[in-house]
Amino acid sequence: MLYAIISEDTANSLEKRKIARPAHLERLQILHDSGRLVLAGPHPAVDNENPGDAGFTGSLVVAEFNSLQDAQAWAAADPYILAGVYAQVIVKPFKKVLP
(Lines give C-alpha, C1' and ligand atoms only; values in the text may rest on other atoms or scores of the structure.)
Protein backbone atom coordinates (compact mmCIF):
# COMPACT_ATOMS: atom_id res chain seq x y z
CA MET A 1 0.00 0.00 0.00
CA LEU A 2 1.03 3.60 -0.48
CA TYR A 3 1.79 5.90 2.44
CA ALA A 4 2.23 9.66 2.64
CA ILE A 5 5.03 10.85 4.89
CA ILE A 6 4.36 14.50 5.69
CA SER A 7 7.14 16.28 7.56
CA GLU A 8 7.39 19.75 9.08
CA ASP A 9 10.77 21.39 9.58
CA THR A 10 12.05 23.01 12.73
CA ALA A 11 12.70 26.75 12.51
CA ASN A 12 15.90 27.70 10.67
CA SER A 13 16.52 24.16 9.41
CA LEU A 14 18.30 25.02 6.14
CA GLU A 15 21.88 24.43 7.35
CA LYS A 16 20.89 21.14 9.00
CA ARG A 17 19.16 20.12 5.75
CA LYS A 18 22.28 20.83 3.73
CA ILE A 19 24.41 18.63 5.97
CA ALA A 20 21.97 15.68 6.08
CA ARG A 21 20.76 15.94 2.47
CA PRO A 22 23.14 13.39 0.86
CA ALA A 23 22.12 10.65 3.32
CA HIS A 24 18.45 11.63 2.99
CA LEU A 25 18.61 11.42 -0.82
CA GLU A 26 20.46 8.09 -0.67
CA ARG A 27 17.53 6.51 1.19
CA LEU A 28 15.05 7.97 -1.29
CA GLN A 29 17.13 6.61 -4.17
CA ILE A 30 16.88 3.12 -2.69
CA LEU A 31 13.07 3.43 -2.64
CA HIS A 32 13.15 4.72 -6.22
CA ASP A 33 15.44 1.94 -7.45
CA SER A 34 13.11 -0.66 -5.93
CA GLY A 35 10.11 0.88 -7.73
CA ARG A 36 8.42 1.92 -4.50
CA LEU A 37 8.77 5.72 -4.64
CA VAL A 38 5.87 7.64 -6.16
CA LEU A 39 7.15 11.14 -5.39
CA ALA A 40 9.30 13.05 -2.97
CA GLY A 41 10.28 16.64 -2.41
CA PRO A 42 10.45 19.61 -0.08
CA HIS A 43 7.99 22.44 0.54
CA PRO A 44 9.74 25.75 -0.24
CA ALA A 45 9.23 28.42 2.43
CA VAL A 46 8.39 30.95 -0.30
CA ASP A 47 6.51 30.69 -3.58
CA ASN A 48 9.58 29.75 -5.60
CA GLU A 49 11.13 26.42 -6.60
CA ASN A 50 14.50 27.75 -5.47
CA PRO A 51 13.80 29.51 -2.17
CA GLY A 52 17.43 30.38 -1.44
CA ASP A 53 18.04 31.41 2.15
CA ALA A 54 14.30 31.19 2.94
CA GLY A 55 14.74 27.41 2.95
CA PHE A 56 11.98 24.88 3.31
CA THR A 57 9.10 24.22 5.69
CA GLY A 58 8.92 20.45 5.34
CA SER A 59 8.77 17.56 2.92
CA LEU A 60 6.41 15.08 1.33
CA VAL A 61 7.22 11.48 0.42
CA VAL A 62 4.69 9.09 -1.10
CA ALA A 63 5.97 5.53 -1.31
CA GLU A 64 4.92 1.90 -1.08
CA PHE A 65 5.48 -0.03 2.14
CA ASN A 66 4.19 -3.38 3.42
CA SER A 67 2.40 -1.78 6.36
CA LEU A 68 1.83 1.45 8.25
CA GLN A 69 4.34 0.25 10.83
CA ASP A 70 6.99 -0.27 8.13
CA ALA A 71 6.34 3.22 6.74
CA GLN A 72 6.56 4.73 10.22
CA ALA A 73 9.81 2.89 10.94
CA TRP A 74 11.30 4.06 7.63
CA ALA A 75 10.26 7.64 8.37
CA ALA A 76 11.65 7.51 11.91
CA ALA A 77 15.10 6.55 10.58
CA ASP A 78 15.30 9.48 8.15
CA PRO A 79 18.62 11.37 8.41
CA TYR A 80 16.63 14.61 8.60
CA ILE A 81 15.09 13.42 11.87
CA LEU A 82 18.47 12.38 13.23
CA ALA A 83 19.91 15.80 12.24
CA GLY A 84 17.08 17.75 13.88
CA VAL A 85 15.57 19.04 10.60
CA TYR A 86 12.08 17.71 11.22
CA ALA A 87 9.97 18.89 14.13
CA GLN A 88 7.04 16.62 13.27
CA VAL A 89 6.38 13.69 10.94
CA ILE A 90 2.96 12.28 10.11
CA VAL A 91 2.58 8.97 8.25
CA LYS A 92 -0.79 8.17 6.68
CA PRO A 93 -2.11 5.57 4.27
CA PHE A 94 -2.52 7.10 0.81
CA LYS A 95 -4.81 6.08 -2.05
CA LYS A 96 -3.66 7.28 -5.45
CA VAL A 97 -6.63 8.15 -7.64
CA LEU A 98 -5.12 10.29 -10.43
CA PRO A 99 -3.26 10.22 -12.71
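Residues numbered from 1 in each chain as written. Predicted model: local features only at pLDDT ≥ 70, side-chain atom pairs only at ≥ 80, totals over all residues. Heavy atoms only, no water.

Brief notes about the packing of aromatic side chains
Formally: A pair of aromatic rings is counted whenever rings of Phe, Tyr or Trp (Trp by its six-membered ring) have centres within 6.5 Å, and the orientation is called stacked for planes under 30 degrees apart, edge-to-face for over 60 and tilted otherwise. Each residue's exposure class comes from its accessible area (1.4 Å probe, protein chains only) as a fraction of the maximum for that residue type: buried when under 20%, exposed when over 50%, partly exposed otherwise. By the criterion adopted, a ring carries a charge over it if an Arg CZ or a Lys NZ lies within 6 Å of its centre and within 35 degrees of its normal.
Taken as a whole and assessed by the stated rule, the structure comprises 3 aromatic pairs. Pairing F65 with W74 gives two aromatic rings, centres 5.7 Å apart and planes at 50°, and the pair type is tilted. Looking at F65, the relative accessible area reads 4%, which means it is buried. Judged by centre distance (5.5 Å) and plane angle (85°), the ring pair of Y80 and Y86 falls under edge-to-face. According to the relative accessible area criterion, Y86 is buried, its value standing at 10%. Among the aromatic residues, those joined into a ring-pair cluster are Y3, F65 and W74. The ring of W74 is capped by R27, whose NZ or CZ atom sits 4.1 Å from the centre of that ring.

A short note on the layout of surface pockets
Rule in force here: Of the two site types, the cavity is a set of points on a 1 Å grid over the protein atoms alone where a 1.4 Å probe fits but cannot get out, and the pocket is an open set with protein on both sides within 12 Å along at least five of seven lines, each lined by residues with an atom within 4 Å of a point. Grid points are joined across faces, edges and corners, and a volume is the space filled by probe spheres set on the points. Helix and strand assignments come from DSSP, with helices taken as H or I runs of at least 4 residues and strands as E runs of at least 2, each series counted from the N terminus. All residues other than Ala, Val, Leu, Ile, Met, Phe, Trp, Tyr, Cys, Pro, Asp, Glu, Lys and Arg, Gly among them, are scored as polar; the first ten of these are nonpolar and the last four charged.
Considering only enclosed or pocket space, the largest pocket measures out at about 250 Å³ in volume. Forming the boundary of the largest pocket are 14 residues, of which R17, R21, L25, P42 and Y80 lie nearest the centre. Those elements that place two or more of their residues in the lining of the largest pocket are α1 (14-33), β2 (37-44) and β3 (56-64). Residue composition of the lining of the largest pocket, by class: 8 nonpolar, 3 polar and 3 charged.

Remarks on the pairing of strand β1 (residues 2-9)
The condition that has to hold: Being paired, for any two strands, means DSSP has found at least two bridges between them.
Within β1, 6 of the 8 residues are buried, which leaves it mostly tucked inside the rest of the structure. Where β1 meets β3, 7 bridges bridge the pair, whose relative direction is antiparallel. Residue pairing in the sheet places Y3 in a bridge with A63 of β3.

Details of the nonpolar core
General note: in soluble globular proteins, nonpolar side chains tend to be found buried as a group. In plain terms, the rule: The term nonpolar core refers to a set of buried residues drawn from Ala, Val, Leu, Ile, Met, Phe, Trp, Tyr and Cys, joined through side-chain atoms within 4.5 Å. In what follows, residue pairs with any heavy atoms lying within 4.5 Å of each other are defined as contacts.
Y3, I5, L28, L31, V61, A63, F65, A71, W74, A75 and V91 form the largest nonpolar core, which has 11 residues in total. At the level of secondary structure, the elements contributing two or more residues to this core comprise β1, α1, β3 and α2 (68-76). No other element matches the 3 residues that α2 contributes to this core. Those residues in contact with Y3, other than ones at most four positions away along the chain, are V61, V62, A63, F65, S67, L68, A71, V91, K92, P93 and F94.

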